[in-house]
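# Geometric and topological summary
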Amino acid sequence: MRAFINLFLTLVLPISTISIVIAIIYYAMDFDITKALRLGTLTGVFAGIGFSLLMTSGLLLTRTIRAAVHRPQSKRKNNHASFQKTLSVANGPIDRQLMLLMDKELAFEVSLYAITDQHIGKISHEDRNKGSILIHTPKESISLAISPLTRHTSKMEIKANTDSKNVQRIITYLKAKERSFMDY
């Protein structure tokens, strides 16, 4: 709605001005100048508003169609596939660091949702101030430590006994949420 209003206000003034001038010239042929000014102004304003509404609707419709057609779907899938390749499972302890494009509080909340929504394990310790979460599963323990980098970015350190699918699921969930926030 905001895009419609901005585009409409951008178009209405020049179109109305042109419509008023054309209408005044048209009415000046048949009427005296004062009556032509009054009728031309009224007709030009209404014609300008109507034409601006139609023009704005048409332009926004073509923008959305063009954006839908030219959206690079294959590139997104390739990025996701290459990200999945970097998450290959390897046995042994893990100590990873991720940079997240969200602030510390949001990263902490999204991490909690990642754990609870996917039923990864039991959260045995969480500290919002320090940004630490400790998760226990039957086969492993995972430690998450979130610290701020800048005002709108944060760093997450993941430590686990083994590089398991649970760690991958947490990372994938966080990156998917980060991507959805960026698209918003």
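To keep things clear, this report deals only with the structure shown in the data block. Given the structure is predicted, the values throughout are model-derived calculations rather than measurements. (Residues numbered from 1 in each chain as written. Predicted model: local features only at pLDDT ≥ 70, side-chain atom pairs only at ≥ 80, totals over all residues. Heavy atoms only, no water.)

### Notes on the overall build of the chain
We count it as follows: A run of H or I in DSSP counts as a helix once it spans at least four residues, and a run of E counts as a strand once it spans at least two, with each numbered from the N terminus. Two residues qualify as a contact provided that any one of their heavy atoms is within 4.5 Å of a heavy atom in the partner residue. Accessible surface is estimated by sampling points in the Shrake-Rupley manner with a 1.4 Å probe; for residues, cover comes only from the protein chains shown.
For the chain, the count of helices and strands is five helices and five strands. Starting at the N terminus, the α and β elements of the chain follow one another as α-α-α-β-α-β-β-β-β-α. Within the chain, counting contacts between residues at least 6 apart in sequence, those at least 24 apart form 60% of the total. Of the accessible surface of the chain, which amounts to about 12,400 Å², a share of 62% is contributed by carbon and sulfur atoms.

### A closer look at the sheet that holds strand β1 (residues 94–100)
Note: strands within a sheet are paired through backbone hydrogen bonds, in either parallel or antiparallel orientation. How we decide: Only strands joined by at least two bridges in the DSSP assignment are considered to pair. Fitting a line to C-alpha atoms yields each axis, with helices limited to the stretch in contact; the angle taken between N-to-C directions then spans 0 to 180 degrees.
Read across the sheet, five strands follow the order β1-β5-β4-β3-β2 without closing on themselves; strand pairing throughout is antiparallel. Two strands lie at the open edges of the sheet, namely β1 and β2 (122–127), each paired on one side alone. Neighbour-to-neighbour, the strand axes of this sheet turn through a mean angle of 15°, independent of strand direction. Relative to strand β5 (residues 154–160), β1 runs antiparallel, the two being bridged by seven bridges. The partner of Met99 across the bridge, within β5, is Lys155.

### Overview of the pairing of β2
As judged from the five bridges shared by β2 and strand β3 (residues 132–136), these two strands associate in the antiparallel manner. Looking at the pairing, Lys122 lines up with His136 of β3. Linkage of β2 to β3, two consecutive antiparallel strands, is achieved through a turn of four residues, within which Gly131 is found at a positive phi near 75°.

### Observations regarding the nonpolar core
Note that soluble globular proteins tend to have their nonpolar side chains buried in a common cluster. Where we set the bar: Here the nonpolar core consists of buried residues drawn from Ala, Val, Leu, Ile, Met, Phe, Trp, Tyr and Cys, with membership extended through side-chain atoms lying within 4.5 Å. Exposure is judged per residue with a 1.4 Å probe applied to protein chains only, and the accessible area is read against the type maximum: over 50% gives exposed, under 20% gives buried, and values in between give partly exposed.
Core analysis: the biggest nonpolar cluster contains 24 residues, and Ile142, Leu144, Met156 and Ile158 have the highest contact counts within it. If you list the elements that add at least two residues to this core, you get β1, α4 (104–117), β3, β4 (141–148), β5 and α5 (165–183). Ranked by the residues each element gives to this core, the list is headed by α4, at six residues.

### Focus on helix α2 (residues 33–69)
Selection rule: Helix span is expected to be 1.5 Å times the residue number reduced by one.
For α2, built from 37 residues, the straight-helix expectation of 54 Å at 1.5 Å per residue is met to within 8% by its first-to-last C-alpha distance of 51 Å. Every buried residue belonging to α2 is among Ala36, Gly40, Gly44, Gly48, Ser52, Thr56 and Leu60, and all of these are buried. Along its buried surface, α2 packs onto α1 (2–28).

### Quick word on unusual backbone geometry
Across the chain, the bulk of peptide bonds are trans and the bulk of non-glycine residues have phi less than zero. Unusually for a residue other than glycine, His119 sits at a positive phi of about 50°. For His119, the location among the structural elements is in the loop between α4 and β2. Using a relative accessible area of 70% as the deciding quantity, one classes His119 as exposed.

### Brief notes about the pattern of salt bridges
A side chain of one charge can pair with a side chain of the opposite charge when the charged atoms of the two come close. Stated formally: Here, a salt bridge means any Lys or Arg side-chain nitrogen found within 4 Å of an Asp or Glu carboxyl oxygen.
All told, the structure shown has three salt bridges when counted by the stated rule. Of the charged contacts in the structure, one is a salt bridge between Arg128 and Glu109, with a shortest N-O distance of 2.2 Å. Here Glu109 lies in helix α4 and Arg128 lies in the loop between β2 and β3, a separation of 19 residues in the sequence. Overall, Glu109 belongs to the partly exposed group, its relative accessible area being 27%. One salt bridge connects Lys155 with Glu157, and the closest N-O pair in it is separated by 3.7 Å. Among the residues examined, Lys155 registers a relative accessible area of 23% and is labelled partly exposed.

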